[in-house]
Amino acid sequence: MSDDGASLGDIFRRLIRNTGPISFTQYMGESNARYYTAKDPLGGAGDFVTAPEISQMFGELIGLWLADIWIRAGRPDPVLYVELGPGRGTLAADALRTAARYGLEPEVHFVEGSTALREAQMESVPQAIWHDDLASVPQYAPMLLVANEFLDALPVRQLVRMEQGWRERMVGLEGDRFVPVAGGQPMDAAVPVELRDADEGTILETCPAAAAILFEIAGRLEAQGGAALLIDYGHAEMRPGSTLQAVRQHRKVDPFADPGTADLTALVDFATLARIAQSRGVKWLGTVPQGAFLRALGIATRTENLAARAPQYAEELRLARDRLVADDQMGQLFKVMGLAAREWPDGVGFAQG
Ligand code: SAH
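None of the values given here were measured: they were computed from a predicted structure. For every chain, the first residue of the written sequence is number 1, and numbering continues from 1 onward in sequence order. Reporting of local features is limited, given that this is a predicted model, to residues whose pLDDT is at least 70; pairs of side-chain atoms are given and counted only at 80 or more, and all residues count toward the totals for whole chains, interfaces and linings. Side-chain metrics rest on all non-hydrogen atoms present in the structure, leaving aside hydrogens and water.

A. How the structure looks around the overall build of the protein. In this description a helix means any DSSP run of H or I spanning at least four residues, a strand means any run of E spanning at least two, and both kinds are numbered starting from the N terminus. What the protein contains, in helices and strands, is 12 helices and 16 strands. The C-alpha atoms of the protein give 21 Å as radius of gyration, which agrees with the globular expectation for 353 residues (20 Å, within 12%). By its C-alpha atoms, the protein is 60 × 45 × 40 Å across when sized along the principal axes. Taken across its 353 residues, the protein has 55% of its residues classed as buried. We call two residues contacting when some pair of their heavy atoms lies within 4.5 Å. Expressed as a percentage of contacts within the protein between residues at least 6 apart in sequence, the contacts between residues at least 24 apart total 76%. In this description, accessible areas are obtained by the Shrake-Rupley approach with a 1.4 Å probe, and a residue is regarded as covered only by the protein chains that are shown. Accessible area for the protein stands at about 15700 Å²; split by element, carbon and sulfur atoms hold 51% of it. None of His or the chain ends enter the tally, which takes Lys and Arg as positive and Asp and Glu as negative. Charge positions are represented by NZ for Lys, CZ for Arg, CG for Asp and CD for Glu. Taking the average location of the 33 positive side-chain charges in the protein and that of its 47 negative ones, the two points are 2 Å from each other. Here the globule rule is a power law, 2.2 Å times the number of residues to the power 0.38, and the radius of gyration is based on C-alpha atoms. Exposure categories follow from relative accessible area, calculated using a 1.4 Å probe and restricted to protein chains: below 20% of the type maximum is buried, above 50% is exposed, and the middle band is partly exposed.

Laid out in structure tokens, this is it:
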């Protein structure tokens, strides 16, 4: 509940009673806007923990990747570090500290919607320049773009196969409870031909906002040069089904209970995003599990070096490494997708198998 009057749930209820069911996109978009603006949800005392908050090694290895590709691209200067949804700024601080050791000292641009998180970012990366979206980020230099757990927070759209054909999946009311309902308009034309006759109840989920951002990132990589790392939990191939979930205080909760008070996310469809990037001429370096990526960048050696320097933290460091790379933790579910401008070199860590 918010303290400034009506909860988002009450606002949605009034809206639905007056004008009918709302789209998933509106429900998820407004819920997350409300959720992120007011608070810092990260960390042990918050709702969820992200890779950069687990260990400094995560951001350091990202910084190493960026420095490596930048050096092999001929050390262009100036160069921009652009991060989407930087959270507390931890990843950026760790990556930039590491990159600086290799001579990479980029101009820093953050795309962040939340006032509370911007304040945290000002503490960790005071030299950053803030933006509401990518549109105002300058275009005069190559761009090294990073986004960790950003795309999964963007609103999804869902279509559902009903007896009479495909419909948009909307959010309606049953008493005071939010429930998914099928919209009235036929949506068959929006569904790929091979899926038109799918079984009744089949759900197709897409993320128009993520598609739009990838389109813009790819266009900029082609125009400005540079590379991008997009890290998120998701699948490498598109598959049917709803993946919408809500997390509060480290627990999965009902996404339809109390909108605006839990983090709503959906799995990222990396296959579609890779196709969008390639359609603009950008090189898709690959989409690999986070565990494999961090191992290729030397997380094992990094852990042992840090442990040797601070033996009292050795156990903690090894546990953090396992959380980041183990198959049954973040290692498989999270994926890293790499993109680079056509004339840029291939990055390390994307060799498959
Ligand atoms: N990258 C950070 C934080 C992940 S949480 C980490 O790994 O710890 C998601 C981040 O994206 C937050 O910073 C949130 O405020 C931001 N965000 C979510 N939706 C956004 C939007 N539509 N526009 C700008 N920022 C957004």
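B. Seen up close, the nonpolar core. In terms of nonpolar packing, the biggest core is built from 50 residues, with I62, W65, Y81, L144, F293 and L324 touching the most fellow members. Here the element with the most residues in this core is helix α4 (residues 56-72); it accounts for nine residues. Setting aside residues no more than four positions away along its own chain, L324 makes contact with A51, I54, S55, F58, Q290, G291, L294, I299, M330 and G331. Throughout this description, the term nonpolar core refers to a set of buried Ala, Val, Leu, Ile, Met, Phe, Trp, Tyr and Cys residues connected via side-chain atoms within 4.5 Å. F24, L154, L264 and L273 belong to the second-largest nonpolar core, a separate cluster that totals 47 residues.

C. Summary view of helix α6 (residues 115-124). For α6, every residue scored as buried is listed here: L117, R118 and Q121. Along the long axis of α6, the arc covered by the buried residues comes to 105 degrees, so they all point the same way. Away from its buried face, by an angle of more than 90 degrees, α6 presents the exposed residues E119 and E123. Lining the buried residues of α6 we find α2 (24-38), β3 (107-111) and β4 (129-131). Under this definition, polar contacts are N or O atom pairs within 3.5 Å; protein pairs additionally need one hydrogen-donor-capable and one acceptor-capable atom, and for neighbouring residues in sequence, both atoms have to be side-chain atoms. Between a side-chain oxygen at the N-terminus of α6 and the backbone nitrogen of A116 the separation is 3.3 Å; the capping residue is S114. The directions considered for the arc run from the helix axis to the C-beta atoms.

D. A look at the domain arrangement of the protein. All the domain ranges listed were derived from an automatic or database domain assignment. The domain boundaries assigned to the protein delineate domain 1 (8-37 + 157-205) and domain 2 (49-153 + 226-233 + 269-340). Across the boundary between the two partners, domain 1 contributes four residues, which contact seven residues of domain 2. Summed over both sides, the interface of domain 1 with domain 2 buries roughly 390 Å², with 48% coming from carbon and sulfur. Buried area counts how much accessible surface, traced with a 1.4 Å probe, disappears from two parts once they are put together, with both parts' losses summed. Considering only the surface of domain 1 that becomes buried against domain 2, M28, Y36 and T37 emerge as the three largest contributors, covering 84% of it. At the boundary of domain 1 with domain 2, the tally comes to two residue pairs in polar contact (both at pLDDT 80 or more). Broken down by class, the residue content of the side of domain 1 that touches domain 2 amounts to two nonpolar, two polar and no charged. Gly falls in the polar group here, along with every residue not listed as nonpolar (Ala, Val, Leu, Ile, Met, Phe, Trp, Tyr, Cys, Pro) or charged (Asp, Glu, Lys, Arg).

E. The packing of helix α10 (residues 299-309) against helix α11 (residues 314-325), seen in detail. Angular values range over 0 to 180 degrees, each being the angle between N-to-C directions of two axes fitted as lines to C-alpha atoms, with helices fitted over their stretch in contact. At a minimum axis distance of 9 Å, the contact between α10 and α11 shows a crossing angle of 165 degrees. Looking at the two axes, α10 sits roughly antiparallel to α11. With respect to the hand of their crossing, α10 and α11 are arranged in right-handed fashion. Here I299, T303, E304, L306 and A307 of α10 come into contact with α11, specifically with A314, L317, R318, R321, L324 and V325. Note on terminology: angles under 35 degrees are roughly parallel, angles over 145 are roughly antiparallel, angles of 65 to 115 are roughly perpendicular, and the others are oblique. Note on convention: near helix rotated counterclockwise from far helix by under a right angle means a left-handed crossing. Clockwise means right-handed.

F. Representation of the sheet that holds strand β13 (residues 263-265). The three strands lie next to each other as β12-β11-β13, forming an open sheet whose pairing is antiparallel. For this open sheet the edge positions go to β12 (251-253) and β13, each flanked by a neighbour on one side alone. For this sheet, the mean inter-axis angle between neighbouring strands, taken without regard to orientation, is 40 degrees. Two strands pair under a simple rule: DSSP has to find at least two bridges between them. Of the pairings in the sheet, the one linking strand β11 (residues 245-248) to β12 comprises three bridges and is antiparallel in character. Across the sheet, R248 pairs through a bridge with R251, a residue of β12.

G. The arrangement of the site of the ligand in detail. By convention in these notes, a residue is near a molecule or strand provided one of its non-hydrogen atoms lies within 4 Å of it. The full set close to the ligand counts 15 residues, and T50, G85, G87, E112 and N148 are the nearest of them. T50 places a polar side-chain atom, nitrogen or oxygen, 2.5 Å from an oxygen atom of the ligand. Between the ligand and the protein, one listed contact pairs an oxygen atom with a side-chain N or O atom of N148 at 2.7 Å. Protein contacts shield 87% of the accessible area of the ligand, which totals 560 Å² for the unbound molecule.

H. Molecular detail of unusual backbone geometry. Omega for the bond connecting D77 with P78 falls within 30 degrees of zero, at 5 degrees, which places this linkage in the cis form. One non-glycine residue, R75, lies in positive phi territory at about 50 degrees. With respect to the helices, strands and loops of the structure, R75 is situated in the loop between α4 and β2 (80-84).

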